[in-house]
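# Inside the fold
Here is how the chains run, residue by residue.
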Amino acid sequence: MCTCRHRHSIFCVLPPYILKSIQKNGSKEQVEAAINTLSVDSTFRSVRLNLTAAVSPAQRERRVLGPAQSKQRTIYTADNVETLPGKAVRTEGAGPSGDVAVDEAYDGLGHTFDFFSEIFDRNSIDDEGMPLNATVHYGPRYSNAFWNGQRMVFGDGDGELFNRFTIALDVIGHELGHGVTEDETGLVYLFQSGALNEHLSDVWGSLIKQWYLRQTSDQADWLIGAGLLADGVKGQALRSMKKPGSAFDDPVLGRDPQPGHMDDYEETYADNGGVHINSGIPNRAFYLAATSVGGYAWEKIGRVWYETIRSKRVKQDTKFKEFANLTVATALRTPGCGPIEQKAIAEAWAEVGVLEKVAPKTTRAVTTRSSRQPARMFEAQRGGRDGDASSSTSNGSGR
Amino acid sequence: MRITLERLSTGAAFFPGLAKPVVVDSKALSPAAAMELEKLVEAAKIFDGPDADPSAAGRPSARGAADYEQKIVTVERGDDVRTVHLSDLASKSADIQALLNFVEKNSKR
């Protein structure tokens, strides 16, 4: 917790260029706060960049030569207080505990691990056998699930708006998927890169559920968090990849704010710059591509998405257009995929307004990146619909 | 005394209804409830605690963290105004939690 004298709440998510403007034009108090923020902010950003660059080729090599893939799950209970990690209540190989949340978390982590192992030959979150830890019964009536960078944390819900958050396998996969995305891309959890981060977790969560249920793309519901909303709430899930904006419309929760097209992209500072809002756009592109190709979504389009994040071409500040171009390019070098999948992916991105509606070339799309100087990274990061200057394709919307 | 609770992010999904600021005004409470609120604010050391780094709320999150909730609590007592930034990524004291529970229970959107 931090306490401080009153300031405007948007200071929490202000990008550097606005802070610099305040530095020039604000009151004395505002100037002091802005200078302080910029100083601390820059330090943390530098630290993060250095940490990301610290993954050496040797470390990557170990992944190839690493130990056999095996699950190492530990489920903890916080006993309804906000303390982590809590008390270990079920470890790998132990039988069911009889506590529904504990056992759902244990099984959900297992299905998630198995999915990544069997489908993508990935050894846990970091591809190096990272143990999977989760804490359930977090907080009193806590209505959320989150990934804190090291473990998954699940609340029991309040019983009025939300059920327990372990109830949905795709939400468990979603949280663990954040670990995979962080390991492969480091996508910054703000604005468009944050929305891509959220999108990728929805992809993994949905694919894990489809794989577990052995559903083809036309059989899947493409909902994220079905069953999470309590009885009486007007809604069916947290999000819909098939029809963004249709998951809930409730007097208390409000209306699902997700757009499904770039024309409706929401510029906002709330929600870390709309990470759970604008993710509806790439979500729908994935759904369109997967259903266009047909069959099991994890076999082709899911595989293309996975190969894309493994390519090391998705960076911390990658935005929609660049990611779209990368998936189009990756389709041709993904095992089992070719021009048909590439065309489906290009058309899907065009359908949601991220790429232009042009006949896709069957050669690899060329994606060049502009300079990634840290000083301008976050300014471009904020860039909403305009921010991507590095993409080879424009959607023509002037964003 | 007036307390405003604002959610900057609502966790694993964005719920516009939950993101709307909620307000508790002691003038609208019963005398007993208003006194309880005063005690909760005192216990949470909203005004007595040391001033923290004003930039803390703008710091990057824990590396790779996602779907965490972030809240801003603003307490107005006469001319004195204090803001507290809360995140799932940092543990909350029991006193702060008790204040939050009171606000959630007694607030109007």
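Residues numbered from 1 in each chain as written. Chains lettered and ligands numbered in written order. Predicted model: local features only at pLDDT ≥ 70, side-chain atom pairs only at ≥ 80, totals over all residues.

As recorded by an unreviewed UniProt entry, chain A carries the name Neutral metalloproteinase and is attributed to Methylobacterium frigidaeris. We quote the UniProt Subcellular location (unreviewed entry) comment for chain A here in full: "Secreted". Regarding chain A, the relevant UniProt record gives this comment under Sequence similarities (unreviewed entry): "Belongs to the peptidase M4 family." (UniProt positions renumbered as here; feature names shortened; annotations may be inferred.)

A few words on the pairing of strand E3 (residues 69-77) of chain B. Residue and element names in this part refer to chain B. One ladder, built from eight bridges, connects strand E1 (residues 2-10) with E3; its direction is antiparallel. When the bridges of E3 are listed, Thr-10 appears paired with Glu-69. In this structure, E3 lies alongside strand E4 (residues 80-87), joined through eight bridges in antiparallel fashion. Residue pairing for E4: Val-73 is matched across the bridge by Val-84. Between E3 and the antiparallel strand that follows it, E4, lie two residues; Gly-78 among them carries a positive phi value of about 60°. (Pairing = 2+ DSSP bridges. Helix = DSSP H or I, 4+ residues; strand = E, 2+ residues; numbered from the N terminus.)

Our focus in this paragraph is the pairing of strand E2 (residues 73-77) of chain A. Residue and element names in this part refer to chain A. Extensive coverage of E2 is indicated by the burial of four of its five residues. As paired strands, E2 and strand E4 (residues 132-136) are joined by five bridges and run parallel to one another. Counterpart to Arg-73 in the pairing with E4 is Leu-132. (Buried ≥ 20, exposed ≤ 12 C-beta atoms within 10 Å, placed from the backbone.)

Another aspect to go through is the UniProt feature "domain: Peptidase M4 C-terminal" (unreviewed entry) in chain A. In the numbering used here, UniProt assigns the feature "domain: Peptidase M4 C-terminal" (unreviewed entry) to residues 186-354 of chain A. The span residues 186-354 of chain A shows a helical share of 46% and a strand share of 5%, and its end C-alpha atoms are spaced 22 Å apart.

Time to look at unusual backbone geometry. All names here are of chain A. Here Leu-84 and Pro-85 are connected by a cis peptide whose omega angle stands at 5°. For Pro-85, the location among the structural elements is in the loop between E2 and strand E3 (87-91). Backbone geometry at Asp-127 places phi at a positive 65°, although glycine is not the residue there. In this fold, Asp-127 is placed in the loop between helix H4 (100-120) and E4. At Lys-312, a position not held by glycine, the phi torsion is positive, near 70°. Taking the number of C-beta atoms within 10 Å as the measure of exposure, Lys-312 has 10 and is therefore exposed.

On to the sheet that holds strand E5 (residues 145-147) of chain A, then. Residue and element names in this part refer to chain A. Here five strands make up an open sheet; going across it, the order is E3-E2-E4-E6-E5 and the pairing mixed. Strand pairing shows two members of the sheet lacking a second neighbour, E3 and E5, which therefore form its edges. Direction aside, the axes of adjacent strands within the sheet are offset by 20° on average. Relative to the sheet, helix H5 (residues 169-184) contacts E5 and strand E6 (152-154), its axis offset from that of E5 by approximately 20°. (Axes fitted to C-alpha atoms, helices over the stretch in contact; angles between N-to-C directions. Contact = placed C-beta atoms within 7 Å.)

The feature "domain: Peptidase M4" (unreviewed entry), as annotated in UniProt, sits at residues 99-182 of chain A in this numbering. The distance separating the terminal C-alpha atoms of residues 99-182 of chain A is 31 Å; by composition the span is 42% helix and 13% strand.

Turning next to the packing of H4 of chain A against helix H6 (residues 191-213) of chain A. Residues and elements named next belong to chain A. With their axes 10 Å apart at the nearest point, H4 and H6 run at an angle of 85° to one another. Judged by the angle between their axes, H4 and H6 are roughly perpendicular. On H6, the residues that touch His-111, Thr-112, Phe-115 and Ile-119 of H4 are Ile-208, Trp-211 and Tyr-212. A per-class count over the contact of H4 with H6 returns five nonpolar, two polar and no charged. (Parallel < 35°, antiparallel > 145°, perpendicular 65-115°, else oblique. Nonpolar A, V, L, I, M, F, W, Y, C, P; charged D, E, K, R; others polar.)

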